[in-house]
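Given next are the chains, with one letter for each unit.
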Amino acid sequence: NDSKENEHEGNITYVGDPTETALVEFARPFGFDKNECDKKYPRVGEIPFDSDRKLMTTINEINGEKISLTKGAPDILISRCNKILINGEIRDITSEDIKNIEEANSQMAHKALRVLAGAYKTVDAIPEKLVADEFEKDLVFVGLVGMIDPPRPEVKDAVALCKQAGIKPIMITGDHKDTAIAIA
């Protein structure tokens, strides 16, 4: 995660992409301190987010191992997973698991939530050049997170003004179709 967490006089602020800062803020009550995690689990490689891939991957050193951590669009990420982590156990992902994940994703998307999936794998070595299609595969699926990304308050009036002026507003988004429909 590329966001930054700042603490001043007991107040915590977040700087960075709103989606990434939301993830950091969400994790804090569960004992995750972004600054401590950055120190304890240094990033040693990265495949940046790409709107075509709809994924971001970092490689971090965690307890002496190199771990590839991927987050992104659930429909894309699920297709790159061959394992799943459930109750601390890793096993092969089944079609039933995928159906359940897709249903959970759909339920959150219909509530206008932006949904991200997470997965990981242990890697032996980091290639000199990280190629996404080769590296972002054979992952262990770990879960989904849904976050509210409400339209700005001024959107309703802006859309009405456009319609009044004879302009047909068009919504462009990278969100899942169901999320976009719920927001619209």
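Criteria and cut-off values
- Residues numbered from 1 in each chain as written.
- Predicted model: local features only at pLDDT ≥ 70, side-chain atom pairs only at ≥ 80, totals over all residues.
- Heavy atoms only, no water.
- Helix = DSSP H or I, 4+ residues; strand = E, 2+ residues; numbered from the N terminus.
- Buried < 20%, exposed > 50% of the residue type's maximum accessible area, 1.4 Å probe, protein only.
- Contact = heavy atoms within 4.5 Å.
- Areas by Shrake-Rupley, 256 points an atom, 1.4 Å probe, with all protein chains shown as cover.
- Lys, Arg positive; Asp, Glu negative; His and termini not counted.
- Charge placed at Lys NZ, Arg CZ, Asp CG, Glu CD.
- Polar contact = N/O pair within 3.5 Å; in protein donor to acceptor, adjacent residues only side chain to side chain.
- Salt bridge = Lys/Arg side-chain N within 4 Å of Asp/Glu carboxyl O.

Draft legend 1. Representation of the overall build of the chain. A tally of regular secondary structure across the chain gives seven helices and nine strands. Counting only C-alpha atoms, the chain reaches 60 × 50 × 35 Å along its principal axes. Looking at the 184 residues of the chain, the share that counts as buried comes to 33%. When contacts within the chain are restricted to residue pairs at least 6 apart in sequence, long-range pairs at least 24 apart make up 53% of them. When the accessible surface of the chain is totalled, it reaches about 12100 Å², and 53% of it is carbon and sulfur. Counting 24 positive and 33 negative side-chain charges, the chain places the centres of these two groups 3 Å from one another.

Draft legend 2. Summary view of the environment of Asp17. Topologically, Asp17 is positioned in the loop between strand S2 (11-15) and helix H1 (18-27). The sequence separation of Asp17 and Lys4 amounts to 13 residues, and the corresponding C-alpha distance is 9.5 Å. From its side chain, Asp17 meets the backbone nitrogen of Thr19 in a polar contact 3.0 Å long.

Draft legend 3. Looking closely at unusual backbone geometry. For Lys54, which is not glycine, the phi torsion reads 60° and is therefore positive. Take Lys54: its relative accessible area is 32%, and that puts it in the partly exposed class. With phi around 50°, Asn63 is a residue other than glycine that occupies positive phi space. Within the secondary structure, Asn63 is located in the loop between strand S4 (55-62) and strand S5 (65-72).

Draft legend 4. Layout of the side chain of Lys121. In this structure, Lys121 sits in strand S8 (residues 113-123). Although Lys121 is buried, it makes no salt bridge; Asp138 carries the closest opposite charge, 5.4 Å away. Side-chain polar atoms of Lys121 contact the backbone oxygen of Phe135, separated by 2.9 Å. In this structure the side chain of Lys121 is engaged in a polar contact, spanning 2.9 Å, whose partner is the backbone oxygen of Lys137. With residues up to four places along the chain from it excluded, the contact list for Lys121 reads Lys66, Ile67, Ser68, Phe135, Lys137, Asp138 and Leu139.

Draft legend 5. Quick peek at the environment of Asn1. Mapping Asn1 onto the fold places it in the segment before strand S1 (4-8). Through-space distance from the C-alpha of Asn1 to that of Asp17 is 9.4 Å; in sequence the pair is 16 residues apart. Leaving out residues up to four positions away in the same chain, Asn1 has contacts with Glu20, Leu23, Val24, Lys34, Arg43 and Lys71.

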